[in-house]
Amino acid sequence: MAELSMCSSSTREQVSPEEERLAIRDFVISAEAHTKEGDAFYLITQRWWQQWLDYVNQDQANNMNDISSLSEHCDSVSSSDVKRPSVIDNSDLIYDTTSEDSTMGIELHDTLVEGRDYILLPQEVWNQLYAWYGGGPTLPRKVINSGLSQTGLSVEVYPLRLQLVVVPKGAHSTIRISKKETIGELHRRACEIFDLNMEQVCIWDYYGHRKHALMNDMDKTLDDANIQTDQDVLVEVLSNGSSSAFGGCMNSVQENGSADKETMSVLVEPSKSSLSIAGGLSASKGVSRSCSSELSQSQNFTSSVRELDNTYGVSGVSTRGVTGGLTGLLNLGNTCFMNSAIQCLVHTPEFARYFREDYHKEINWQNPLGMVGELALAFGDLLRKLWAPGRTPVAPRPFKTKLARFAPQFSGYNQHDSQELLAFLLDGLHEDLNRVKHKPYIKSRDADGRPDEEVADEYWANHIARNDSIIVDVCQGQYKSTLVCPVCNKISVTFDPFMYLSLPLQSTTTRTMTVTVFTCDGSALPSACTVTVPKQGRCRDLIQALSGASSLKHNEKLLLAEIRNHLIGRFLEDPLILLSSIKDDDHLAAYKIPKLSKNTIFLQLIHRREEQEIGNAQKSFGWKPYGTPLVSPISCDDVITRGDIQSIVHTMLSPMLRTERRGNTDISETSISVAASDPSCEFAASKAFTDSIESDMKDKDGNCLKTVTLSKLPLQLVDENNACIDLSVGEEKAIKLSSSSMSILVFVDWSCKFLEKYDTHYLENLPEVFKYGPVTKKARTEPLSLYTCLEAFLREEPLVPEDMWYCPQCKEQRQASKKLDLWRLPEVLVIHLKRFSYSRSMKHKLETFVNFPIHDLDLTNYVAHNNSSRSQIYELYALTNHYGGMGSGHYTAHIKLLDENRWYNFDDSHISAINEEDVKSAAAYVLFYRRVKNDDASVSNGAQSCAGHENNLPQK
């Protein structure tokens, strides 16, 4: 990746924030009205976009992360002074690769989320911002038609990544191509890459290393052909007019998987657009970046061919007596959320029996609310593979393909909420398998004083008349909802179905934050402080906590800053900034500075080191920022010279100066000396440098130490024109301080020789605000009972103002009180622990440990239907876990094989046995309980015979 220029001598015509705001607003409004297929949109890092919004529209009450909101919120600009953003820096969106393979271009990170990591800008907006600010790299993407009707528009951020496999040559290539490109264009590009003639080539959909369809309709798009990213495409070279050369070369591919393979990586752009995409399109996981990864891909090709007999085998065949149900799912790229939910459903006994028999007769092919049976077929096929003998992990690509087609929110490789996917799956499978082909219209009646049993049965019968499937049989229950009008006391009772229970957790009110504290007077080394603050607090709460933890003096104050890419991203000077806007994986620094007058600016000392070529210590690429910047205040009322900057920086660096015993006299001739650790030393800004100064100190044992003296520091000042000024010469020259800027930037370039005199490891590895570790039972605090969560869910409470109830008696909207009661419980009870709380712009996770029963979950006292004779005792058989924070977390599943009576941990493709006491943790997210029956001794998740399953289905 090309280095972004840190200094530039170019200047631009000054445009006021108001002029910038109005110009961009007009571009946005125009783009919203005229966007069409083929237009270019540009990715820009969300952080820079937010800084620009703050600059042109300084209303902190508005959270304008979305480009579409700009025109709505750009009508008021406050008078407070916000620093103008620096050059556009999209480096956090792309891989920092040093590959010289120019065909690979620029690769986007695989897990970017729009609105959180990047914003999509219309071409006119990007062009204007780029003209004003410069920077880059430029990341254009195309607008395509999307959706089932192909009438919607979307930006193709991640084009298809395909593996072209040539037989019998054995060559392969990785390409990028738009899913709206035609099969004919894919033919042409493949022939161009491998130097083949169109007449001698057949191209096959080679998904899973099996021939699925001959791709000979040249006008058909890859999207219409159902080609998916990361799949294989077979380029079959016909020999001497033969109709197929594949049969004779497959064995050689299997036997010589990695032999004589030619690896290429190219980018294929949509031909319909004339826009040249700088640096190419994005890349997904698995792109060949080294010889070792190429070898791995070749080996995977061989193993995948050999896996076909296992993954596509008949479920009734046994191999070596291996127990079924212990097959993992490959992670396709952040698909752990999907894998964990699927494993829990697959190991639900009723589903395992149902989908391994002939369920096709129950598929509802005409249901407009369903997926024409495709989701049910894909899930059934995947379930059979997971229950087949053997333990070779299965790649769930066909299932993910169907999922992405019918639920675009789960497409791509972003992390998603496992419970949201589970809710979609259960609902989608129900509609695909709904036995009701024509749903009757039924109007529900209010209770009007009738017995609850009569009303509940009526509601349930009405529900079953429209919804009757294996999902309803197994997972759906019914609860009683009672609304009471606060004015007329009108009581409304309804009985509604539920698929799962979402139970609230008692939210913790505090948050732990780690901040590294630095001094500017050379009095102490940096130190990390961990404090506890209110979770919904503000920056003033964090500063107050840090002041006590860092022993702040009465004449000092703390300046908070957010560190990004070894630079100061922003100063958190406003005490009212919400702490919720600071993420756990952010990096914060706090600088101790004197309580000075307001007429000061801050000197930001940015550390840089030489970036060198691997294996060649003499040749370097240049200087690259590293470590943590240091900050020191400078008075604007004084004349500051270059020599003064040298002295100030010496003071800031003095705690890291290496000290030596008195006997060593290796001192440079022209130098400056500073005390390394004496807090009483005051360093005045000097007007000139003397040849050498020495300072004697004593260590804790009374031994006399002498500081190592140094030559002038290699400093460069960034002036107001972004030009770099060498501060090692002309020490008497005055520095021009900009009145409009709150900071000046000074680079210190750490050469290898310079690093021998200072110990800079204190500036490296700045800790995150909160570092997640593995969740263990030792970390539990204030155990919360699952029963307590259920009681909170059932507790009577007033409706929120946004969800008012229309009282039929008052004929007005009322804030009624609502009470829920469980009435009819399903055979499989799914309980969702609401760990994630949502605000307008943030998503928080609760790490509360919930003490849930593994055996004997007794819900008898929570069921309002007293006349029910069914057992209300449940046993846990599966659960999903979520570890870590939002966006960067990981999902696993704990599942009990009922026929073995043993628990296993399903971590994507890795499966391991665990003890029952390890099942409970603060990571538990979705719990799966099954009703305890008298004949449970013979129950299996699905590995045993399916005969007679119809008699085991729950009766409605």
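Residues numbered from 1 in each chain as written. Predicted model: local features only at pLDDT ≥ 70, side-chain atom pairs only at ≥ 80, totals over all residues. Heavy atoms only, no water.

## Observations concerning the overall build of the chain
Then step 1. The helix and strand inventory of the chain stands at 18 helices and 44 strands.
Then step 2. Taken across its 956 residues, the chain has 49% of its residues classed as buried.
Then step 3. Considering only contacts within the chain whose residues lie at least 6 apart along the sequence, 73% involve residues at least 24 apart.
Then step 4. If you sum the accessible surface of the chain, you get close to 44200 Å²; carbon and sulfur atoms cover 48% of it. (Helix = DSSP H or I, 4+ residues; strand = E, 2+ residues; numbered from the N terminus. Buried < 20%, exposed > 50% of the residue type's maximum accessible area, 1.4 Å probe, protein only. Contact = heavy atoms within 4.5 Å. Areas by Shrake-Rupley, 256 points an atom, 1.4 Å probe, with all protein chains shown as cover.)

## Some thoughts on the pattern of salt bridges
Then step 1. Applying the stated criterion across every chain yields a total of 30 salt bridges.
Then step 2. Residues Arg450 and Glu458 are paired through a salt bridge, measuring 3.0 Å at the closest nitrogen-oxygen approach.
Then step 3. The class of Arg450 is buried, set by a relative accessible area of 17%.
Then step 4. One salt bridge connects Glu731 with Lys712, and the closest N-O pair in it is separated by 3.3 Å. Of this pair, Glu731 sits in the loop between strand S28 (724-726) and strand S29 (743-750) while Lys712 sits in the loop between strand S26 (704-707) and strand S27 (715-718), and the two are 19 residues apart along the sequence.
Then step 5. Residue Lys712 is classed as partly exposed on the basis of its relative accessible area, which comes to 28%. (Salt bridge = Lys/Arg side-chain N within 4 Å of Asp/Glu carboxyl O.)

## Overview of the packing of helix H1 (residues 17-34) against helix H2 (residues 46-56)
Then step 1. Interaxial distance between H1 and H2 falls to 8 Å at its minimum, and their mutual angle equals 120°. With respect to their mutual orientation, H1 and H2 come out oblique. The residues of H2 that touch H1, namely those facing Pro17, Glu20, Arg21 and Ile24, are Trp52, Tyr55 and Val56.
Then step 2. The residue makeup of the contact of H1 with H2, split by class, is five nonpolar, no polar and two charged. (Axes fitted to C-alpha atoms, helices over the stretch in contact; angles between N-to-C directions. Parallel < 35°, antiparallel > 145°, perpendicular 65-115°, else oblique. Nonpolar A, V, L, I, M, F, W, Y, C, P; charged D, E, K, R; others polar.)

## Overview of the state of the cysteines
Then step 1. Evaluated as defined, the whole model comprises zero disulfides.
Then step 2. In this structure Cys485 is a free cysteine whose sulfur lies 3.6 Å from that of Cys488, the closest cysteine sulfur available. (Disulfide = S-S within 2.5 Å.)

## Examining the nonpolar core
Then step 1. Ranked by size, the top nonpolar core spans 59 residues in total, and within it Ile342, Phe351, Phe399, Phe424, Leu425 and Phe928 carry the most contacts.
Then step 2. For Phe399, the residues in contact, after removing those within four places along its chain, are Met338, Ile342, Leu375, Ala378, Phe379, Leu382 and Leu425.
Then step 3. Among the nonpolar cores identified, the runner-up in size contains 39 residues, and Ala589, Leu603, Ile634 and Leu657 belong to it. (Core = buried A, V, L, I, M, F, W, Y, C linked by side-chain atoms within 4.5 Å.)

## Observations regarding the sheet that holds strand S14 (residues 491-498)
Then step 1. Taken in spatial order, the four strands line up as S14-S13-S34-S31 in an open sheet, and their pairing is antiparallel. Edge positions in the sheet fall to S14 and strand S31 (797-798), since each of these pairs with one other strand and no more.
Then step 2. When S31 meets strand S34 (residues 817-824), the two strands line up antiparallel, connected through two bridges. Directly across from Glu797, in S34, lies its bridge partner Lys818.
Then step 3. The strands touched by helix H13 (residues 452-466) are strand S13 (477-484), S14 and S34; relative to S14, the strand with the most contacts, the crossing angle is about 45°. (Pairing = 2+ DSSP bridges.)

## As for the environment of Thr514
Then step 1. Tracing the sequence through the fold places Thr514 in strand S16 (residues 510-519).
Then step 2. When the C-alpha positions of Thr514 and Lys771 are compared, they lie 8.8 Å apart, and in sequence the two are 257 residues distant.
Then step 3. If sequence neighbours within four positions are ignored, Thr514 has contacts with Ala528, Cys529, Thr530, Pro767, Glu768 and Val769.
Then step 4. Engagement of the side chain of Thr514 in a polar contact is seen with the side chain of Thr530, the distance being 2.9 Å. (Polar contact = N/O pair within 3.5 Å; in protein donor to acceptor, adjacent residues only side chain to side chain.)

## Regarding the environment of Phe770
Then step 1. Relative to the assigned elements, Phe770 resides in the loop between helix H17 (752-755) and strand S30 (784-785).
Then step 2. With 255 residues separating them in the primary sequence, Phe770 and Val515 have C-alpha atoms 9.3 Å apart.

## Let's talk about the packing of aromatic side chains
Then step 1. All chains considered together, the criterion is met by 23 aromatic pairs.
Then step 2. Relative to Tyr359, the ring of Phe355 has its centre 5.0 Å away and its plane inclined at 65°; by these criteria the two rings are edge-to-face.
Then step 3. The exposure class of Tyr359 is buried, given its relative accessible area of 3%.
Then step 4. Ring geometry for Trp750 versus Tyr758: centroids 5.4 Å apart, planes at 80°, classification edge-to-face. A single burial state applies to Trp750 and to Tyr758, both of which are buried.
Then step 5. Joined through ring pairs, the aromatic side chains of Tyr354, Phe355, Tyr359, Phe379 and Phe399 make up one cluster.
Then step 6. The cationic tip of Lys211 hangs over the ring face of Trp204; the distance from NZ or CZ to the ring centre is 4.2 Å.
Then step 7. Geometry around Phe747 places Arg608 over its ring, the cationic atom sitting 4.2 Å from the centre. (Phe/Tyr/Trp six-rings, centres within 6.5 Å; stacked < 30°, edge-to-face > 60°. Lys NZ or Arg CZ within 6 Å of the ring centre and 35° of its normal.)

## What to know about helix H5 (residues 183-194)
An α-helical segment advances 3.6 residues per turn. Residues three or four places apart therefore align on the same side.
Then step 1. Along its twelve residues, H5 runs 16 Å from first to last C-alpha, staying within 8% of the 16 Å computed at 1.5 Å per residue.
Then step 2. With respect to burial, H5 is a largely interior element, ten of its twelve residues being buried.
Then step 3. For H5, every residue scored as buried is listed here: Ile183, Gly184, Glu185, Leu186, His187, Arg189, Ala190, Cys191, Ile193 and Phe194.
Then step 4. Positive phi appears at Asp195, one or two residues downstream of H5, with a value of about 60°. (Expected span 1.5 Å × (residues − 1).)

## Topic: the packing of helix H11 (residues 397-406) against helix H12 (residues 418-432)
Then step 1. Look at H11 against H12: their axes get within 12 Å of each other, and the N-to-C directions meet at 85°. It follows that H11 is roughly perpendicular to H12 by the angle criterion. Contacts between H11 and H12 involve Phe399, Leu403 and Phe406 from the former and Leu421, Phe424 and Leu425 from the latter.
Then step 2. Here the residues of the contact of H11 with H12 are counted per class, giving six nonpolar, no polar and no charged.

## Observations concerning unusual backbone geometry
Then step 1. Here the amide bond leading from Gly136 into Pro137 is cis, since omega sits at 0°, within 30 degrees of zero.
Then step 2. Backbone geometry places Asp195, a non-glycine residue, at a positive phi of 60°.
Then step 3. With a relative accessible area of 71%, Asp195 lands in the exposed category.
Then step 4. Although it is not a glycine, Asn334 adopts a positive phi angle of roughly 60°.

## A short note on the pairing of strand S8 (residues 172-177)
Then step 1. With respect to burial, S8 is a largely interior element, six of its six residues being buried.
Then step 2. Residues of S8 alternate between two faces, with His172, Thr174 and Arg176 on one and Ser173, Ile175 and Ile177 on the opposite face, all of them buried.
Then step 3. For strand S7 (residues 160-167) and S8, the ladder comprises six bridges, and the chain directions are antiparallel. Across the sheet, residue Val165 finds its bridge partner in S8, namely His172.
Then step 4. Hairpin remark: S7 followed by S8, antiparallel, with four residues in the connecting loop; positive phi at Gly170, about 85°.

## Overview of the side chain of Ser418
Then step 1. Within the secondary structure, Ser418 sits in helix H12.
Then step 2. Filtering out sequence-adjacent residues up to four positions away, Ser418 remains in contact with Phe337, Ser340, Ala341, Thr880 and Tyr891.

## Re the confidence of the model for the chain
Then step 1. Of the residues in the chain, 73% have a pLDDT of 70 or more, and the chain-wide mean is 75.
Then step 2. Low pLDDT, under 50, characterises residues 704-710; the predicted model gives this stretch 45 contacts beyond four residues in sequence or across chains.
Then step 3. Scored below 50 in pLDDT, residues 943-956 shows 23 contacts in the model against residues more than four places distant or in partner chains. (pLDDT = per-residue confidence, 0-100.)

## Structural notes on the pairing of S29
Residues in a regular strand project their side chains so that they alternate between the two faces of the sheet.
Then step 1. The buried fraction of S29 is high, at seven of eight residues.
Then step 2. As defined by bridge partners, S27 adjoins S29 across four bridges and the pair is classed as antiparallel. Across the sheet, residue Leu715 finds its bridge partner in S29, namely Val748.

## Remarks on the environment of Asn565
Then step 1. Locating Asn565 in the fold gives a position in the loop between strand S18 (556-564) and strand S19 (567-571).
Then step 2. With relative accessibility at 42%, the residue Asn565 sits in the partly exposed group.
Then step 3. Sequence separation of Asn565 and Thr628 is 63 residues, and the distance between their C-alpha atoms is 9.0 Å.
Then step 4. Not counting chain neighbours up to four residues away, the residues in contact with Asn565 comprise Asp89, Ser91 and Pro625.

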